[in-house]
Structure formats: structure tokens, C-alpha cells
Amino acid sequence: MVQVPGGVPDGVVFTDLDGTLLDHHSYRYDAALPALRELDRRGIPVVLCSSKTRAEMAELQAELGIDGPLIVENGGGIFAAADSPWAGLLPQRHGGLPARVFGTAYPALREGLAAIREVFGPGVRGFGDTDPAGVAAWTGLPSRQAELAWQREFDEPFLWDPEPATVDLGRARQRLAAHGLQLTRGGRFWHVLGDNDKGRAVSWLLERWRDAVGGRPPSLGLGDSENDLPMLGVVDRGVLVERRDGTHLAPRPAGVMTVLGQGPVGWNRAVLEWLESLAVV
Ligand SMILES: [Mg+2]
């Protein structure tokens, strides 16, 4: 049996980063520190699940002082450090690390983006069409983080200027489907990706984990955007935090909850409320 820290913990949290744990503009998570500390005190793992790259997420994870697996690039892959107790859950190796890969290789995503551009013109611009300085300008990230964000493996973020009407989106989705690809939307960018999403990766990890430790802990998922919905649909409690304009993503699937507070403010509230509900049960 694979040894995972703590056996079956009291719970597990899966969280989006941009606009959820991290403030949309400042990328700070100070408002979430009380809940992060309480999760740490109770030995409840936090699994970061973002459209960000492995390189970006590994750095943030180290800063947060957590050591769970990373679900990177919209569920394109799950990674753990080679010396992590979580490594035993992951059957493959990718980039020299224990991994489970679901995503499509980046060059194929770039071909998909080119197919959309044929229809919609040069306003379709992906990370691969610019350099780290361009990514810094688009995201507001410091240049070092922008460099890490630019190193894509399984997901191509892109801007769309002007944004097409709903009817045209169907056309774009059709073009991508012919390449075996799909379209989703995060808080800042659209994304081209393969047959993967955050929910599929979270489900797989929960099943592997259950097989390894003999139980499935109560799970909480937190997000703010369309690309988070598959994840929020497979956890026991899925919560949308407020977006930067004070609204919640709409339409919202049945069973997905909302919490008051933007980004890390809502994150903190939702986690503390969930912990309280666990204590009652
Ligand atoms: Mg987000």
C-alpha cells in the first residue's frame, strides 16, 4: 500500500489559483491565511489545481509551505516531487518527475489555435505568439513569474480581440473538435486544451488516493471561472468565490454553491464554513 501522509485525513481541498486563492490583480493570498493556517493545523491537504504551469505552481507551493501533488495547466497533468510521499500515487514520469498526464502536447494546441485564427483573424493571440515580456504585459506578473508562465506544456492561454458572439464560439469549438481539442475560459484568458479538464484530474487523484489509503476524505473545491466547473462538480462541496466585478460566474450548475467575498476573501470564508460543517458531522 502506498504511504500517503496522514492516511485518510479529515478532508482535502482542491483550489484554483488566479481569482480564487490569489487576488485577481495583486496575486496575493493574505486574506486566505487564517483558513490556510487552520487547514495546516488539522493536517488537511491543499491541492493546487490551476491553468498555471508546473514551474509557476511549484514556486507558489513552496512559498505556501504545502507539499501535496500539483494539478497543472487545466488538468493536463498531475505532478509530485520525486521525494514526496505523494509520488507513489503517480504511475508515469514526465520531465523527470512522477506524473499522471492527461493533456495534449503543446505543439498540437498551437495548431488548434492557428485553425481558430484562420476563421477569426489576427486578434487571436496566444502565449506562443509572444515572449515572456508579452506575457508580463498581458497578466501583470513580474518578469520572472511571466517567464515561468510562458513555459507551456498542456494548455495554450489566448486573448481574443474582439471577442466573438456566442454563435461564433460554436464555430470555434467545431474547428477545435476536428483537432480533438476543446475551448474553455479562465478569469483572464481563453484556453485551448486537449481531452482533459480539472474535474477529470481531481476524480482520478481521489480514486487513486482512496485505493491507496482505504478511504476517501470529504472534499472541498474552490474556483471562480468556467474552467473550474468540472472540478466543482466532482468534489463533495464545490464553491464559487466572487469575481473581481463582485458577481459570481453564471449560469451556475445545480449543486455548486457561492460564497460572499472576492478571491481569497471568499476563499477564507468558504473554507472556515466547510471546516465548521465537518466538525458538526
Ligand atoms: Mg481562476
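Right above here is the structure, for reference.
What you see is a predicted model, and the numbers here were worked out from it, not measured in a lab.

Q: So what's going on with the sheet that holds strand E1 (residues 12-15)? Residues and values would help.
A: Ordered by their spatial adjacency, nine strands build an open sheet running E5-E6-E4-E3-E2-E1-E11-E12-E13, and the pairing between neighbours is mixed. Looking at the sheet topology across the chains shown, the edges are occupied by strand E5 (92-94) and strand E13 (256-262). Along the sheet, successive strands turn relative to each other by an average axial angle of 30°, direction set aside. Inspection of the sheet shows strand E3 (residues 70-72) paired to strand E4 (residues 77-79) by three bridges, in the antiparallel sense. In the sheet register, Val72 faces E4, and the bridge partner there is Gly77. Relative to the sheet, helix H2 (residues 54-64) contacts strand E2 (46-49), E3 and E4, its axis offset from that of E3 by approximately 150°.

Q: Explain the packing of helix H3 (residues 106-120) against helix H6 (residues 166-177) to me, using residue names and the numbers behind them.
A: Two elements in contact, H3 and H6, have axes separated by 9 Å at closest approach and are oriented at 140°. Here the hand of the crossing between H3 and H6 comes out right-handed. Counted together, Gly112, Ala115, Ile116, Val119 and Phe120 of H3 and Arg171, Ala172, Arg175 and Leu176 of H6 form the full contact between these two elements. In the contact of H3 with H6, the residues fall into six nonpolar, one polar and two charged.

Q: If you had to explain H6 to someone new, which residues and values would you point to?
A: Taking 1.5 Å per residue as the helical rise, H6 with its 12 residues ought to reach 16 Å, and the 17 Å between its terminal C-alpha atoms agrees with that figure. Taken together, the buried positions of H6 are Ala172, Arg175 and Leu176. All buried residues of H6 fall inside an arc of 95° around its axis, so they share one side. Of the exposed residues in H6, the ones pointing more than 90 degrees away from its buried face are Thr166, Val167, Gly170, Gln174 and Ala177. Contacts from the buried residues of H6 go to H3, strand E9 (182-185) and strand E10 (190-193).

How each quantity is defined
Residues numbered from 1 in each chain as written. Predicted model: local features only at pLDDT ≥ 70, side-chain atom pairs only at ≥ 80, totals over all residues. Pairing = 2+ DSSP bridges. Helix = DSSP H or I, 4+ residues; strand = E, 2+ residues; numbered from the N terminus. Axes fitted to C-alpha atoms, helices over the stretch in contact; angles between N-to-C directions. Contact = placed C-beta atoms within 7 Å. Left-handed = near helix turned anticlockwise from the far one by under 90°. Nonpolar A, V, L, I, M, F, W, Y, C, P; charged D, E, K, R; others polar. Expected span 1.5 Å × (residues − 1). Buried ≥ 20, exposed ≤ 12 C-beta atoms within 10 Å, placed from the backbone. Arc of directions from axis to C-beta.

This is a description of form; function is not addressed.
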